[in-house]
Amino acid sequence: MSEGPGFVLLYVLIVLVLLGAIAGSVVVSRRRSGRGGVEAPERPPEGAQIGEAASPVVDAPPAPAVEAPPVAAPPEAPAPEPEDLAPPRPLRERLGRARSSFGQALVRVFKRETLNDADWEEVEALLLQADVGVAATARIVDDLRARSRDVAPEQLLGVLRQELLQIIGDTDRSLRTADGVTIWLVTGVNGTGKTTTIGKLALRERLKGSRVILAAADTFRAAADTQLERWAERAGAEVIKQVPGADPAAVAFDGVKAAKARGADLLIIDTAGRLHTKRNLMEELSKIRRVIEREAGPPTEVLLVLDATTGQNGIAQARAFAEAAEVTGIVLTKLDGTAKGGIVIAVQQELGIPVKLVGVGEGPEDLEPFDPAAFVDALVG
Ligand code: GDP
C-alpha cells in the first residue's frame, strides 16, 4: 500500500513530539513545587535561627541575613533537667594548684618563731609568685610587718586572711537583672572562656525557668557560633546568629529584637576580643553598646571574662576592656588549673571591678558565684 513507510515515519514523529511535551511539563511542575529541582531554595543549616528583624542599624552596614523572611517566633526550646548539673564541690577542692603553691608555703614561713628580713622577703616573693600583684603585695607585707610586732607569727595567717578580705571588698556580686529583657554583654580576649561561661550561664538560668537567647556576635572566630550552638542545645536556649564575618553590632541588634519579640527573660551576647588591635576593639564594643542602648537601654551587665592563668597580663586586658565597654563585673575562669589564684586580689586592688563569678572547670556545673570568704579560705588554707 502507498501509505507504508512514509506513514509509519510520520506516526513515530507525532508520538515522539507528544512524549516530549508531557516530559517537559512534569519537569516544570517539579521545579515550581521545589521538589528535587536544582533551583529549589536552599535550606538553612539544621538548628540555625535568625532574628525576626533584618538589621537596620544606622551605623552598621546592612548585614546579610541567613534566612530571609521574618517568621513567627519559634517555640521555646525544651528546658534541661536539673540532673544535667553535677552537684557542686567545695571551692577548696577545685582551686587546682593555687592552694598548694601559695597557702602551704606561707604556712611554713609563719610557723617560724620570729620573722627576720629574709623571711619577709620570702613572704613578698610568695605573694608575687601567686599573682597577687605588686601594689597589693606591698600593701599586704607592710600591714603584716606592722601587725607582727603585736601578734605571734602563727597568728599572721589570720591577719593575712583579714587583709585579703579587705582588699577584695564587701560589695554586691550578684548578676543584675532587668524588669524587661535582661541583657548580659560578655567580653574578653578569645580563649579566656567566654563561650563556655555563656553556656554555663545559659544552663543555670534555664534551670531557673528563664527563656534564654544567645546572640553569636563573635563573628570573627571561626566556629564560635557552632560552639555556642552546642552549649545552647545543652541548655535549651535559642541562638541568634548571622554569617561569619558579619557585623557584630548587627547580630546584637537582631538579638535584642528577637529577645523582645519572643518575650525572652535573658539575652546573653557573645563578642570577639581582639586586644592586639585595641582601637578596633574599642570601636566594635562601643558600637555594640550603642546599638543595645538604642534598642533596650544600657546592657544590664557587661561581664569581662579573664583567664586566671594569664596572671598579671589579665590586668592589662581588664584595663583595656573596662575602658571600651564599661565593665560591671569580672568572671575569672580556669581557677581549677595552673592559676595561682592571687590574680583575684590583684584584680580587686588594681581595678575595683567586682569579681562576680569564677570558672573552675570545663563542665556546665563549673561556674560559681564568687564567695570572698570561701575563696580566701581555699587560698590560704
Ligand atoms: P572563648 O574564646 O573566650 O569563647 O573561650 P572558650 O569558651 O572557647 O574557652 C577556651 C577553652 O578554655 C576551652 O577549651 C574551654 O573548655 C576552656 N575553659 C573555659 N572555662 C574554663 C574553666 O573554668 N576551667 C578550665 N579548666 N577550662 C576552661
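In what follows, the structure referred to is the one given above.
Residues numbered from 1 in each chain as written. Predicted model: local features only at pLDDT ≥ 70, side-chain atom pairs only at ≥ 80, totals over all residues. Heavy atoms only, no water.

Colleague: I'm lost on the site of the ligand in this one. Help?
Modeller: Every one of the 18 residues lining the ligand counts as a neighbour, but G191, T195, T196, D336 and E362 are closest to it. One of the backbone N or O atoms of K194 is found 2.8 Å from an oxygen atom in the ligand. Here E362 contributes a side-chain N or O atom positioned 2.5 Å from an oxygen atom of the ligand. Contact with the protein chains removes 81% of the 580 Å² of surface that the ligand exposes when unbound. Under a 2 Å grid-point criterion requiring more than half of the atoms, the pocket assigned to the ligand is the second largest pocket. Of the residues forming the shell around the ligand, the biggest block, four residues, is contributed by helix 7 (residues 194–207). (Near = heavy atom within 4 Å. Polar contact = N/O pair within 3.5 Å; in protein donor to acceptor, adjacent residues only side chain to side chain. Areas by Shrake-Rupley, 256 points an atom, 1.4 Å probe, with all protein chains shown as cover. 1 Å grid on protein atoms, 1.4 Å probe; cavity = no way out; pocket = protein on both sides within 12 Å on 5 of 7 lines; lining within 4 Å. Sits in = over half its atoms within 2 Å of the grid points. Helix = DSSP H or I, 4+ residues; strand = E, 2+ residues; numbered from the N terminus.)

Colleague: I keep staring at unusual backbone geometry and nothing clicks. Help me out?
Modeller: Peptide bonds are trans in most cases, and residues, glycine excluded, mostly fall at negative phi. Despite not being glycine, E326 has its phi angle at roughly 50°, a positive value. Structurally, E326 is set in the loop between helix 11 (313–325) and strand 6 (329–333). You will see that K334, though not glycine, has its phi angle at about 65°, which is positive. Its place among the elements puts K334 in the loop between strand 6 and helix 12 (343–351). Residue classification places K334 among the partly exposed positions, given a relative accessible area of 31%. (Buried < 20%, exposed > 50% of the residue type's maximum accessible area, 1.4 Å probe, protein only.)

Colleague: What is the right way to look at a negative patch on the surface in this model?
Modeller: Together, E121, E124, D142 and D143 make up a region of like negative charge exposed at the surface. Listed by contribution, the elements that provide at least two residues to the negative patch are helix 4 (117–129) and helix 5 (134–147). Within the secondary structure layout, D142 lies in helix 5. (Patch = residues over 30% accessible without salt bridge, like charges linked within 9 Å, V, L, I, M, F, W, Y side chains within 5 Å. Salt bridge = Lys/Arg side-chain N within 4 Å of Asp/Glu carboxyl O. Lys, Arg positive; Asp, Glu negative; His and termini not counted. Charge placed at Lys NZ, Arg CZ, Asp CG, Glu CD.)

Any functional reading would require information beyond the geometric quantities listed.
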